[in-house]
Amino acid sequence: MIKPGLKIGILLTLILVLPSLFFSAYEISNINQNEAVIDSVYSSQLESILFSVNQYSDDVISGWANQLDKGKYGVETEIKLLVSKNYSIDAFFLIDSLKHQLFAKEKIPEDSITILKRNLENAFTNNAGNIERLQEYIKSGYQKIGVLDFNRKGKSLFAFARTVDSLSVETLLLLVDTEKFIKENLGPKIQGIAQDQFFISVIDKKLNTEIYSNVVFDEGEKNIQQRRQIWLFPAYDLGIQMKGNTIEDLVRERTNTNIIMLIVMDLILLLGAWLVYRNIRQQMKLTQLKSDFISNVSHEIRTPLALINMYSETLEMGRLPSEEKKKEYYKVINTEANRLSNMVNNILNFSKIESGKREYHFKEADINDEIETILENYGQHLHKKGFEIKFEAFDELPKLIIDKEAVSEAIINLIDNAVKYCGETRRIEIKCHTDLEFAYINVIDFGIGISKKDQPLIFDKFYRVSSGDLANKVKGSGIGLSIVKHIMDAHNGQITVQSSKEGGTCFTLSFPLR
Ligand code: ADP
């Protein structure tokens with residue numbers, strides 16, 4: 001059969017500990033999944049920010065192309081307006097079936113203009129296939145901006161077609177200063193999107209240098225998390241990172257906090273379950289001890305009662321031949337009645353202690369006198385039982401403020417135990433001495449001793465040593481030493497024990513002198 005304590009332990013584990021451990025394991029495995037989900041959401045967010053910057057640069061250039069169609073002044077004036085208003089536009093090159101017309105920034109010198117024109121014409125011829133495609137698009141009613149190969153550092157060349165009338169199509173080349181475009185046109189948009197949360201930078205791919213960033217930050221802080229090419233400026237990348245802690249950092253931090261919290265929660269739960277288990281086990285033990293106590297006390301009371309009964313009946317019947325025999329019977333009745341009364345007093349005192357009602361009355365007392373009185377009352381009886389009693393009184397009487405009844409009760413309890421657990425050697429010693437701080441009363445026997453394991457437990461209420469032949473046989477209630485301890489506590493003193501299975505037991509009562 002399973003022990004009740006073990007049963008409770010298993011139940012607690014099943015009800016409290018196991019579900020929470022399973023839950024923690026499940027949560028910890030989930031945390032990693034969550035981390036991956038958050039990570040991918042975060043990547044998409046960065047991706048969409050870069051997408052919107054890219055889209056914007058597309059919109060700006062398409063906007064310029066649209067303005068030529070929709071502006072109210074005619075295409076040439078609109079081109080001139082665009083060139084003069086936009087810092088980043090270097091030139092427009094209009095090519096139709098009749099002429100090539102260049103609209104360049106005013107400050108470009110004449111000879112450079114000639115070179116530029118030649119370069120643009122070359123680019124037009126070199127990108128013929130590309131341009132043809134753009135023209136096809138426009139004929140189907142869809143305008144697309146094309147990026148042309150143009151080998152001039154810091155410049156980007158775009159082309160788009162426009163319909164002049166239902167028959168003819170013209171092509172426009174747009175020469176843009178890339179860095180100016182990025183700073184002037186993309187810069188404000190990037191600032192707006194990034195706000196205070198992101199670092200967004202534009203990187204020259206070839207040189208791997210940053211040509212624009214919404215915030216200037218130290219090299220050490222740089223940790224670009226995503227890079228995407230700018231559609232219209234293939235030589236450049238957009239890079240993005242989160243300001244301060246990255247989402248990965250935050251997720252990692254959160255994951256760690258969650259795991260720590262779960263572990264702490266589990267530990268608290270385990271501790272709680274263990275405390276509940278311990279408490280229940282203690283209560284069960286106490287219940288067992290209480291029931292043992294009742295049966296022990298009943299046994300203890302039964303013996304003197306039976307003796308008193310038997311001896312008094314014999315006396316009553318007048319069957320005793322001599323006065324001497326009668327006297328002996330009276331003595332037995334008296335001794336047993338005393339034993340009973342001691343026992344009942346002990347129980348009453350214990351019950352007072354338990355209900356917190358025991359009171360002590362402290363007065364200066366002559367402790368040597370007290371011990372002598374005890375020995376006078378009990379000595380003869382003990383001598384008769386074959387005990388040899390040795391008493392070493394205090395040489396110099398210590399000034400002790402004590403409750404003398406209580407202290408006598410404590411000493412009687414100790415003598416009682418010395419008698420009960422004396423084994424073969426019927427000798428008891430009471431030795432008193434002082435040092436600078438304490439007055440000590442030692443009650444020594446040479447009996448069965450108390451094992452090291454039991455020594456700390458014998459002062460607990462109801463505790464009785466259950467191993468050993470004699471210990472099992474001797475009757476007792478298990479409250480004597482707990483009463484002595486209470487009395488000593490009330491005197492700010494101590495009871496200690498030194499004992500061995502071979503040498504017997506010495507209980508020491510120590511009373512503080514000050
Ligand atoms: P009890 O009524 O059982 O004697 P106590 O509280 O006086 O209860 O003592 C508790 C236990 O301590 C006893 O059951 C006994 O096992 C052990 N004990 C006490 N005094 C002695 C002693 N002098 N020698 C050996 N064992 C002792």
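The rules we used
- Residues numbered from 1 in each chain as written.
- Predicted model: local features only at pLDDT ≥ 70, side-chain atom pairs only at ≥ 80, totals over all residues.
- Heavy atoms only, no water.
- Helix = DSSP H or I, 4+ residues; strand = E, 2+ residues; numbered from the N terminus.
- Buried < 20%, exposed > 50% of the residue type's maximum accessible area, 1.4 Å probe, protein only.
- Contact = heavy atoms within 4.5 Å.
- Areas by Shrake-Rupley, 256 points an atom, 1.4 Å probe, with all protein chains shown as cover.
- Disulfide = S-S within 2.5 Å.
- Core = buried A, V, L, I, M, F, W, Y, C linked by side-chain atoms within 4.5 Å.
- Salt bridge = Lys/Arg side-chain N within 4 Å of Asp/Glu carboxyl O.
- Domains from an automatic or database assignment.
- Near = heavy atom within 4 Å.
- Polar contact = N/O pair within 3.5 Å; in protein donor to acceptor, adjacent residues only side chain to side chain.
- Nonpolar A, V, L, I, M, F, W, Y, C, P; charged D, E, K, R; others polar.
- UniProt positions renumbered as here; feature names shortened; annotations may be inferred.
- Expected span 1.5 Å × (residues − 1).
- Bend = angle between axes of the 7 residues up to and from the residue.
- Phe/Tyr/Trp six-rings, centres within 6.5 Å; stacked < 30°, edge-to-face > 60°.
- Lys NZ or Arg CZ within 6 Å of the ring centre and 35° of its normal.
- Axes fitted to C-alpha atoms, helices over the stretch in contact; angles between N-to-C directions.
- Left-handed = near helix turned anticlockwise from the far one by under 90°.
- Arc of directions from axis to C-beta.

K.L.:
Can you walk me through the overall build of the protein in this structure?
P.N.:
In terms of regular secondary structure, the protein is built from 11 helices and 16 strands. Along the longest, intermediate and shortest principal axes, the C-alpha atoms of the protein span 165 × 55 × 40 Å. Buried residues in the protein amount to 39% of all 514 residues. Intrachain contacts of the protein at a sequence separation of at least 6 include 63% that bridge at least 24 residues. Surface exposure of the protein reaches about 30,100 Å², of which carbon and sulfur atoms provide 53%.

K.L.:
What exactly am I supposed to notice about the state of the cysteines here?
P.N.:
Each disulfide consists of one covalent bond between the sulfur atoms belonging to two cysteines. As enumerated under the stated definition, the model contains 0 disulfides in all. Between Cys432, a cysteine without a disulfide, and Cys506, which holds the nearest cysteine sulfur, the sulfur-to-sulfur distance is 11 Å. Exposure remark for Cys432: the relative accessible area of 7% places this residue in the buried category.

K.L.:
Please explain the nonpolar core as it appears in this structure.
P.N.:
Generally speaking, nonpolar side chains in soluble globular proteins are found buried as a group. Formed by 45 residues in total, the largest nonpolar core has its most connected members in Ile415, Ile441, Ile495, Phe507 and Leu509. Residue contributions to this core peak at 8 residues, all from helix H9 (residues 404-420). The residues contacting Leu509, other than those within four sequence positions of it, are Ala410, Ile411, Leu414, Ala439, Tyr440, Ile441, Val484, Met488, Gln494 and Ile495. Listed in part, the 41 residues of the second largest apolar core include Ile61, Ile79, Ile89 and Tyr236.

K.L.:
I tried to follow the pattern of salt bridges on my own but got confused; where do I start?
P.N.:
Where side chains of opposite charge bring their charged atoms close, a pairing between them can arise. If you walk through the whole model with that rule in mind, you get 19 salt bridges. Taking the shortest distance from any N to any O, the salt bridge between Asp90 and Lys155 comes out at 2.7 Å. With Asp90 in strand E1 (residues 89-95) and Lys155 in strand E4 (residues 155-163), this pair connects stretches of sequence that are 65 residues apart. One salt bridge connects Glu179 with Lys183, and the closest N-O pair in it is separated by 3.7 Å. Here Glu179 pairs with Lys183, and both are found in helix H5 (residues 178-194), just 4 residues apart, close to one helical turn. Here Glu179 falls in the partly exposed class, since its relative accessible area comes to 31%. Through salt bridges with shared partners, a single network forms among Asp69, Arg162 and Glu170.

K.L.:
What am I meant to see in the domain arrangement of the protein here?
P.N.:
The parts lose accessible area when they come together, and the size of an interface is often stated as this lost area. Parsing the protein into structural domains produces domain 1 (60-177) and domain 2 (360-512). Distance from the C-alpha centre of domain 1 to the C-alpha centre of domain 2: 116 Å.

K.L.:
Help me understand the site of the ligand, please; the structure alone is not making it clear to me.
P.N.:
In the neighbourhood of the ligand, 19 residues make up the surrounding shell, with Tyr421, Asp445, Arg464, Ser477 and Leu481 lying closest. Here an oxygen atom of the ligand sits 2.9 Å away from a polar atom, N or O, in the side chain of Asn417. For the ligand, the accessible surface in isolation is 530 Å², of which the surrounding protein chains cover 97%. Among the secondary structure elements, those contributing two or more residues to the shell around the ligand are H9, helix H11 (480-490) and strand E16 (504-512). Here the residues of the shell around the ligand are counted per class, giving 9 nonpolar, 7 polar and 3 charged.

K.L.:
For this particular structure, what's the right way to read the UniProt feature "transmembrane region" (unreviewed entry) in the protein?
P.N.:
The UniProt record marks residues 259-277 with the feature "transmembrane region" (unreviewed entry), using the residue numbering of this structure. This span, residues 259-277, is 100% helix and 0% strand, and a straight line between its end C-alpha atoms measures 26 Å.

K.L.:
Would you take a moment to explain helix H8 (residues 367-384) for this structure?
P.N.:
Given 3.6 residues per helical turn, the α-helix brings residues three or four places apart onto the same face. Under the 1.5 Å per step criterion, the end-to-end length of H8 is 26 Å for 18 residues, consistent within 8% with the ideal 26 Å. Tyr378 marks the point of greatest bend in H8, at about 45°. Inspection of H8 places Ile367, Asn368, Glu370, Ile371, Ile374, Leu375, Gly379 and Leu382 among the buried residues, and these make up the whole buried set. Looking at the buried residues of H8, the elements they touch are strand E10 (363-365), strand E11 (388-392), strand E12 (400-402), H9, strand E13 (427-434) and strand E14 (438-445). Residue Asp366 occupies the N-cap position of H8, its side-chain oxygen lying 3.0 Å from the main-chain nitrogen of Asn368. Immediately downstream of H8, the backbone of Gly386 shows phi near 95°, a positive value.

K.L.:
Before we go on, may I ask you to explain the packing of aromatic side chains in this structure?
P.N.:
Note on aromatic pairs: each is described by the distance of the centres and the angle between the planes. All told, the structure shown has 12 aromatic pairs when counted by the stated rule. Ring geometry for Phe158 and Phe233: centres 5.6 Å apart, planes at 85°, overall edge-to-face. Of this pair, Phe158 sits in strand E4 while Phe233 is found in strand E9 (residues 233-242), placing the two residues 75 residues apart along the sequence. Pairwise contacts between aromatic rings join Trp64, Phe158, Phe181 and Phe233 into one cluster. The ring of Tyr87 carries the charged tip of Lys180 above its face, separated from the ring centre by 4.8 Å. Lying across the ring of Phe446, Arg427 places its NZ or CZ 4.1 Å from the centre.

K.L.:
I would appreciate a short explanation of the packing of H9 against H11 in the present structure.
P.N.:
Packed helices, taken two at a time, are described by their axes: the angle between them and the distance between them. Axis separation between H9 and H11 bottoms out at 9 Å; the angle between their running directions is 150°. As for the relative orientation of H9 and H11, their crossing is left-handed in sense. Counted together, Ala406, Val407, Glu409, Ala410, Asn413, Leu414 and Asn417 of H9 and Gly480, Leu481, Ile483, Val484 and Ile487 of H11 form the full contact between these two elements.

K.L.:
Any chance you could explain helix H3 (residues 110-126) here in plain terms?
P.N.:
The end-to-end C-alpha distance of H3, which contains 17 residues, comes to 24 Å, matching closely the 24 Å that a straight helix rising 1.5 Å per residue would cover. Burial in H3 covers these residues: Ile113, Leu116, Leu120 and Ala123. Angularly, the buried residues of H3 cover 85° about the axis, an arc narrow enough to put them on a single face. Residues of H3 that are exposed and point over 90 degrees away from its buried face: Asp111, Thr125 and Asn126. Considering only its buried residues, H3 is in contact with E1, strand E2 (100-104), E4 and strand E5 (169-177).

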